[in-house]
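Structure assessment
What follows is the residue order along each chain.
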Amino acid sequence: MDSAIQAIEFLARSEHRVMTLEALSEKRHDRRDLCATTGASDPTIGRVVRDFENRSWIMRDGPHYELTPLGEFVTDRFFELREGMETGETLREVWQWLPQEMDEFTVEYFEDAVVAYPGPNYPYTPVERVTHLLESTESIRGLGTTVYKSGNLEVFCRRVIEGMEMEYIYSLPILKAIVDWNPDLIAQAFECDNCTVFLHDALPDDNRCGLNIMDDCIGICGHDPETAQLEAVIDTATPEAREWAETVYEECRKEARPFEAQELGVAGSNSCESPLRVESQ
């Protein structure tokens, strides 16, 4: 086995070794401190620090142990690996709904993401997550199929009518499907002054997922293109993710055009109280 893999295994198979490195990465400790921090016995900590000294990862200064420069390097790289694997575990059930066409997307933006997807015994988790996000924000910008299920559309429309600032970019087929769901309610929301709708002919990832930008986080919603079933909600509050989402949204916004009611074959007014109606064919 490769010596680097052996070193990773050496650390990963012992929780006390990992916890000792974590403690020493923050500040130096004596053995009593390490026992209290890790919950390990004194003989166990004795073995751990001897192993670390033999690998030149720590050094002793009187009663205290501290990381060597080599130990700091190893610790940083090991925890980077652990964080990467944690992200992989978090996203492995929803990877197929992550963006593929949105420029500059990287999984690293979602290292601390909240992930909701239908479980075997309770399929409504993602719908409930979207509802929570809609109830928790006073503004939303988005593109694609982010809000598409009827339960979420009801909350979405209500929040817009209540005053939530909304700016959205849709493809024409998605917008038609949303209007067909409830023409009166959609029109009432869309005609409010705080609601702005745009159309785009080639949104990135439009048949798979959409993007939301809210007050405190950004989110990705993945839908099955055949059934419109909401398959995953992935949201994060990291500044890096928000900067990426803002860039993607602004690029799509530049390419979009204002929504005109006649594109859907509808007629209406400018009043929030007088909804658009789909004309019969």
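Residues numbered from 1 in each chain as written. Predicted model: local features only at pLDDT ≥ 70, side-chain atom pairs only at ≥ 80, totals over all residues. Heavy atoms only, no water.

As recorded by an unreviewed UniProt entry, the chain carries the name Helix-turn-helix transcriptional regulator and is attributed to Halocatena marina.

Here we come to the overall build of the chain. Within the chain, the regular secondary structure consists of ten helices and 13 strands. If one aligns the C-alpha atoms of the chain with their principal axes, the spans along those axes are about 85 × 40 × 35 Å. Here the chain holds 281 residues, and 43% of them are scored as buried. Restricting the contact set of the chain to residue pairs at least 6 apart, pairs at least 24 apart contribute 68%. With the model as given, the accessible surface of the chain reaches about 14800 Å², and the carbon-plus-sulfur share is 47%. (Helix = DSSP H or I, 4+ residues; strand = E, 2+ residues; numbered from the N terminus. Buried < 20%, exposed > 50% of the residue type's maximum accessible area, 1.4 Å probe, protein only. Contact = heavy atoms within 4.5 Å. Areas by Shrake-Rupley, 256 points an atom, 1.4 Å probe, with all protein chains shown as cover.)

What follows concerns empty space enclosed by the protein. Here the structure, examined in full by the defined rule, presents two cavities of 30 Å³ or more. Within this model, the second largest cavity holds a volume of roughly 50 Å³. Along the walls of the second largest cavity sit V130, L133, L134, I140, N212, M214, G219, I220, C221 and V233, which together make up its complete lining. Contributions of two or more residues to the lining of the second largest cavity are made by α6 (125–135), β8 (209–214) and β9 (218–223). Each residue belonging to the lining of the second largest cavity can be placed in one class, and the counts come to eight nonpolar, two polar and no charged. (1 Å grid on protein atoms, 1.4 Å probe; cavity = no way out; pocket = protein on both sides within 12 Å on 5 of 7 lines; lining within 4 Å. Points joined across faces, edges and corners; volume = space filled by probe spheres on them. Nonpolar A, V, L, I, M, F, W, Y, C, P; charged D, E, K, R; others polar.)

With that settled, the discussion passes to unusual backbone geometry. At S56, a residue that is not glycine, the phi angle is positive and equals roughly 65°. One non-glycine residue with positive phi stands out, namely D205, at about 60°.

What follows concerns the UniProt feature "domain: HVO-A0261-like N-terminal" (unreviewed entry) in the chain. The positions UniProt marks with the feature "domain: HVO-A0261-like N-terminal" (unreviewed entry) are residues 7–88. Helix and strand shares over residues 7–88 are 72% and 12% respectively, and the end C-alpha atoms of the span are 21 Å apart. (UniProt positions renumbered as here; feature names shortened; annotations may be inferred.)

The computed volume of the second largest pocket comes to approximately 160 Å³. Lining the second largest pocket, in full, are E101, M102, D103, E104, H200, A202, P204, T247, V248, E251, C252 and E255. Along the lines of polarity and charge, the residues of the lining of the second largest pocket split into five nonpolar, two polar and five charged.

Turning next to the nonpolar core. F156, M166, Y170, L175 and F190 are the most contacted members of the largest nonpolar core, which has 33 residues in total. For this core, the secondary-structure elements that each account for two or more residues are α6, α7 (150–162), β6 (165–170), α8 (172–181), α9 (183–190), β7 (195–199) and β10 (230–236). Among the elements that take part in this core, α7 stands out by supplying five residues, more than any other. If we skip the residues at most four places from it in the chain, L175 touches Y170, F190, V197, L199, F259 and L264. Judged by nonpolar contacts, the second largest core, of 26 residues, contains L203, I213, I218 and V248. (Core = buried A, V, L, I, M, F, W, Y, C linked by side-chain atoms within 4.5 Å.)

Here the focus is the state of the cysteines. What the rule picks out here adds up to zero disulfides. The thiol sulfur of C195 is not disulfide-bonded, and the nearest other cysteine sulfur, from C192, lies at 6.9 Å. In this structure C217 is not part of a disulfide, and its nearest cysteine sulfur, from C221, lies 10.0 Å away. (Disulfide = S-S within 2.5 Å.)

Turning to a negative patch on the surface, a few remarks are in order. On the surface, E72, D76, E80, E83, E86, E108, E111, D112, E240 and E243 cluster together into a negatively charged patch. When residues of the negative patch are traced back to their parent elements, those giving at least two are α5 (69–91) and α10 (239–255). If one sorts the elements of the negative patch by residue count, α5 sits on top with five residues. Among the structural elements, E72 can be located in helix α5. (Patch = residues over 30% accessible without salt bridge, like charges linked within 9 Å, V, L, I, M, F, W, Y side chains within 5 Å. Salt bridge = Lys/Arg side-chain N within 4 Å of Asp/Glu carboxyl O. Lys, Arg positive; Asp, Glu negative; His and termini not counted. Charge placed at Lys NZ, Arg CZ, Asp CG, Glu CD.)

In this section: the pairing of β6. Successive residues of a regular strand alternate their side chains across the two faces of the sheet. The sheet contact formed by strand β5 (residues 139–143) and β6 spans five bridges and is parallel. Bridge pairing in β6 places S139 opposite E165. Two strands pair when backbone bridges link them, and β6 and β7 are joined in this way by five bridges, in the parallel orientation. Bridged to E167 within β7 is T196. (Pairing = 2+ DSSP bridges.)

Next up on the list: the packing of α6 against α7. Contact pair α6 / α7: the axes reach a minimum separation of 9 Å and the direction vectors enclose 5°. Here α6 is positioned roughly parallel relative to α7, judged by the angle of their axes. Of α7, the residues touching α6 (which contributes V127, V130, T131, L134 and E135) are N152, V155, F156, R158 and R159. Within the contact of α6 with α7, the residues separate by chemical class into five nonpolar, two polar and three charged. (Axes fitted to C-alpha atoms, helices over the stretch in contact; angles between N-to-C directions. Parallel < 35°, antiparallel > 145°, perpendicular 65-115°, else oblique.)

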